[in-house]
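Descriptive structure summary
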Amino acid sequence: MSARTHSLRTSRLSGAAILAVAQVVLLGLGYITHILVGKLGGPSLYGVYGVVLSVMTIMNMLLTLGIPVALSKAVAEDEGNRGGILRAGIRGQLTLSLLLSAATLLFSREVARLFGDDSLASIILVLAVIFPFTGLYAIFANYFGGLHAFGIQAGLTVFYAVLKLAGSVGLLFPFGVRGALAGFGVGG
């Protein structure tokens, strides 16, 4: 372990506390995002936002629980090879996110039909752009977790939450529900 890597490390106890605070900020700002999108966009926009967001959340589970968690474990076990592990994780994550994006492009109409609203198809297409960004965010957050750099990991989480809120609310006005959803990509 290099001196630089060691200086980034946080003890497990203080790291857990920092990450807990970051998660509270993430959840709190997520809650505020929902309130603002609902208040500013109105009930019908918020309904569409919620439906499409639920689709995105399900698909994002593939991007947050697979490769990023494996990368974190691999980095923690072999810090000397962290650069190669990170590059491999980025390649794998981008491949997976591009496959999810392609599937979204191909099946957006079918998913919209399952909800009984063909107009959702064009909004679901926005997700295809978001997946690579949120996938990369998950990679880097877990990479720093693997290095025990929990302060940096927490900082990324808070930064993501702030950018997601700003992007969702800021893009809501010019682009409607598509802009509110694009805020997730801005955060990533």
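Below is a short write-up of the structure.

Procedures and definitions
Residues numbered from 1 in each chain as written. Predicted model: local features only at pLDDT ≥ 70, side-chain atom pairs only at ≥ 80, totals over all residues. Heavy atoms only, no water. Core = buried A, V, L, I, M, F, W, Y, C linked by side-chain atoms within 4.5 Å. Buried < 20%, exposed > 50% of the residue type's maximum accessible area, 1.4 Å probe, protein only. Helix = DSSP H or I, 4+ residues; strand = E, 2+ residues; numbered from the N terminus. Contact = heavy atoms within 4.5 Å. Phe/Tyr/Trp six-rings, centres within 6.5 Å; stacked < 30°, edge-to-face > 60°. Salt bridge = Lys/Arg side-chain N within 4 Å of Asp/Glu carboxyl O. Axes fitted to C-alpha atoms, helices over the stretch in contact; angles between N-to-C directions. Parallel < 35°, antiparallel > 145°, perpendicular 65-115°, else oblique. Polar contact = N/O pair within 3.5 Å; in protein donor to acceptor, adjacent residues only side chain to side chain.

Let's shift gears to the nonpolar core. Across soluble globular proteins, nonpolar side chains show a tendency to be buried alongside one another. In this structure, Tyr-49, Leu-127 and Leu-181 are the most contacted members of the largest nonpolar core, which totals 32 residues. Those elements giving two or more residues to this core turn out to be α2 (12-65), α4 (82-114), α5 (120-124), α6 (126-146) and α7 (150-187). It is α2 that contributes the most residues to this core, 11 residues altogether. In contact with Leu-127, other than residues within four places in its own chain, are Val-52, Val-55, Met-56 and Thr-104. Judged by nonpolar contacts, the second largest core, of 9 residues, contains Val-75, Ile-85, Phe-144 and Ala-149.

As enumerated under the stated definition, the model contains 3 aromatic pairs in all. Between Tyr-137 and Tyr-160, the aromatic rings sit 4.2 Å apart at their centres with planes inclined by 10 degrees, giving stacked as the arrangement. Taken together, the residues span a long stretch of sequence, with Tyr-137 in helix α6 and Tyr-160 in helix α7 at a distance of 23 residues. A relative accessible area of 18% places Tyr-137 in the buried class.

As enumerated under the stated definition, the model contains 2 salt bridges in all. A salt bridge links Glu-77 to Lys-73; the nearest nitrogen and oxygen atoms lie 2.4 Å apart. Separated by 4 residues within a single helix, Glu-77 and Lys-73 lie in helix α3 (residues 67-77), roughly one turn from each other. Given the relative accessible area of 59%, Glu-77 is considered exposed. Residues Asp-118 and Arg-113 are paired through a salt bridge, measuring 3.8 Å at the closest nitrogen-oxygen approach. Asp-118 gets classed as exposed once you look at its relative accessible area, which sits at 53%.

Inspection of the secondary structure assignment puts Val-162 in helix α7. Judged by its relative accessible area of 41%, Val-162 falls in the partly exposed class. Considering only alpha carbons, one finds Val-162 and Gly-187, 25 residues apart in sequence, at a separation of 7.3 Å.

Angle between the axes and distance between the axes are the two parameters that describe a pair of packed helices. At a closest axis distance of 9 Å, the pairing of α6 and α7 adopts a crossing angle of 170 degrees. Considered as vectors, α6 and α7 are oriented roughly antiparallel to each other. Residues Val-126, Ile-130, Phe-133, Thr-134, Tyr-137, Phe-140, Ala-141, Asn-142, Phe-144 and Gly-145 of α6 pack against Phe-150, Ile-152, Gln-153, Leu-156, Thr-157, Tyr-160, Arg-178, Leu-181, Ala-182, Phe-184 and Gly-185 of α7.

With respect to the helices, strands and loops of the structure, Ser-72 is situated in helix α3. In contact with Ser-72, other than residues within four places in its own chain, are Asn-142, Gly-145 and Gly-146.

Okay, the side chain of Thr-33 next. Position of Thr-33 relative to the elements: it lies in helix α2. Among the residues examined, Thr-33 registers a relative accessible area of 2% and is labelled buried. Reaching out from Thr-33, the side chain makes a polar contact with the backbone oxygen of Leu-29 at a distance of 2.8 Å.

What follows concerns the side chain of Asn-142. Among the structural elements, Asn-142 can be located in helix α6. Among all residues touching Asn-142, those that are not within four sequence positions of it are Pro-68, Val-69, Leu-71, Ser-72 and Gln-153.

Here we come to unusual backbone geometry. Negative phi is the rule for most residues except glycine; trans is the rule for most peptide bonds. Look at His-148: it is not a glycine, yet its phi comes out positive at around 65 degrees. One can find His-148 in the loop between α6 and α7. Residue His-148 is classed as buried on the basis of its relative accessible area, which comes to 16%.

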